[in-house]
Amino acid sequence: MEYRVTKELMVSLCYQSPIVPEGREQLLGNALWFGFEYDFGVAIHLLCPQVEHIVRTKLKEVGAHTSNIDRNGIENENGLSTLMELPEAVEVFGEDLCFEVGSIFTDSLGANLRNEVAHGLLSDDSASSISSIYAWWLVLRLVLHSFYQLSSAGESS
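The paragraphs below set out a description of the structure included in this document. Here the residue index of a chain counts from 1 through its sequence in written order. Two thresholds apply to this predicted model, a pLDDT of at least 70 for residue-level local features and 80 or more for giving and counting side-chain atom pairs, whereas whole-chain, interface and lining totals are computed over all residues. Processing note: side-chain calculations cover all non-hydrogen atoms of the structure and skip hydrogens and water entirely.

This part takes up the side chain of T66. Here a strand is any run of E in DSSP of at least two residues, a helix any run of H or I of at least four, and the numbering for each starts at the N terminus. Counting through the fold element by element, T66 comes out in the loop between helix 3 (40-61) and strand 1 (67-69). Overall, T66 belongs to the buried group, its relative accessible area being 3%. For the purposes of these results, a polar contact is taken to be a pair of N or O atoms within 3.5 Å, where, inside protein, one atom must be able to donate a hydrogen and its partner to accept one; residues adjacent in sequence count only when each atom of the pair is a side-chain atom. At 3.2 Å, the side chain of T66 forms a polar contact with the side chain of E77. Note on classification: 1.4 Å probe, protein chains only; a residue is buried when its accessible area is under 20% of the maximum for its type, exposed when over 50%, partly exposed between these limits.

Written out as structure tokens, the structure is:
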């Protein structure tokens, strides 16, 4: 209990993390905390749309076009799998992370968690699977690693 990870700590980390978009700190912090509470079902339901938003935000920051206009002239945001296929994705996230995100969240040969969650196909068992736990850990790693990247950028400038 002395070293317990609290919801407040996770939310605070998200407020400070340069990778977490403004206005998403509570959602992402709660999702990360649920993982520490071993409630990966709730965590993955919160994480999937937030991962997509993080990817979209980071791609927009480098000038990537993240939407399309349909034949009726209505602009629609592209889904995560389409976003990860953009050439800017490798520039922003690197090949390894692009592969991980695709394998865990969008690839039909992988866990395909984004689609499983979005279409209500995730069962109780798969919500607590190795893939869901790995997805949670991947996002936790991204949030924590963003502090290292921030400090490295500060040292080089």
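Side-chain rings of Phe, Tyr and Trp, where Trp is taken by its six-membered ring, are said to pair if the distance between their centres is within 6.5 Å; with planes under 30 degrees apart they count as stacked, over 60 as edge-to-face, and otherwise as tilted. Counted according to the given criterion, the structure contains five aromatic pairs. A centroid spacing of 5.2 Å and a plane angle of 55° characterise the contact between W33 and F34, whose relative ring orientation is tilted. When the centroid spacing of 6.5 Å and the interplanar angle of 70° are considered together, the rings of Y38 and F40 count as edge-to-face. Relative accessible area serves as the criterion here: at 69%, Y38 is assigned to the exposed category. According to the relative accessible area criterion, F40 is buried, its value standing at 9%. Every member of this aromatic cluster is reached through a ring pair, and the members are F36, Y38, F40 and W136.

In this text, buried Ala, Val, Leu, Ile, Met, Phe, Trp, Tyr and Cys residues form a nonpolar core when linked through side-chain atoms within 4.5 Å. Core analysis: the largest hydrophobic core is formed by 39 residues, its most contacted members being L28, L32, I44, V55, L59, F105 and L113. Those elements giving two or more residues to this core turn out to be helix 1 (7-16), helix 2 (25-36), helix 3, helix 4 (80-84), helix 5 (87-106), helix 6 (113-118) and helix 8 (130-156). Per-element accounting of this core gives the leading share, nine residues, to helix 3. Any pair of residues with heavy atoms lying within 4.5 Å of one another is described as a contacting pair. Not counting the four nearest positions on each side in its chain, V55 is found in contact with L80, L83, M84 and F93.

By the element assignment, S146 lies in helix 8. The exposure class of S146 is buried, given its relative accessible area of 3%. In terms of polar contacts, S146 uses its side chain to reach the side chain of S17, at 2.7 Å. One polar contact links the side chain of S146 to the main-chain carbonyl oxygen of V143, over a distance of 2.6 Å. Ignoring any residue separated from it by four or fewer positions in sequence, one finds S146 in contact with S17, P18 and I19.

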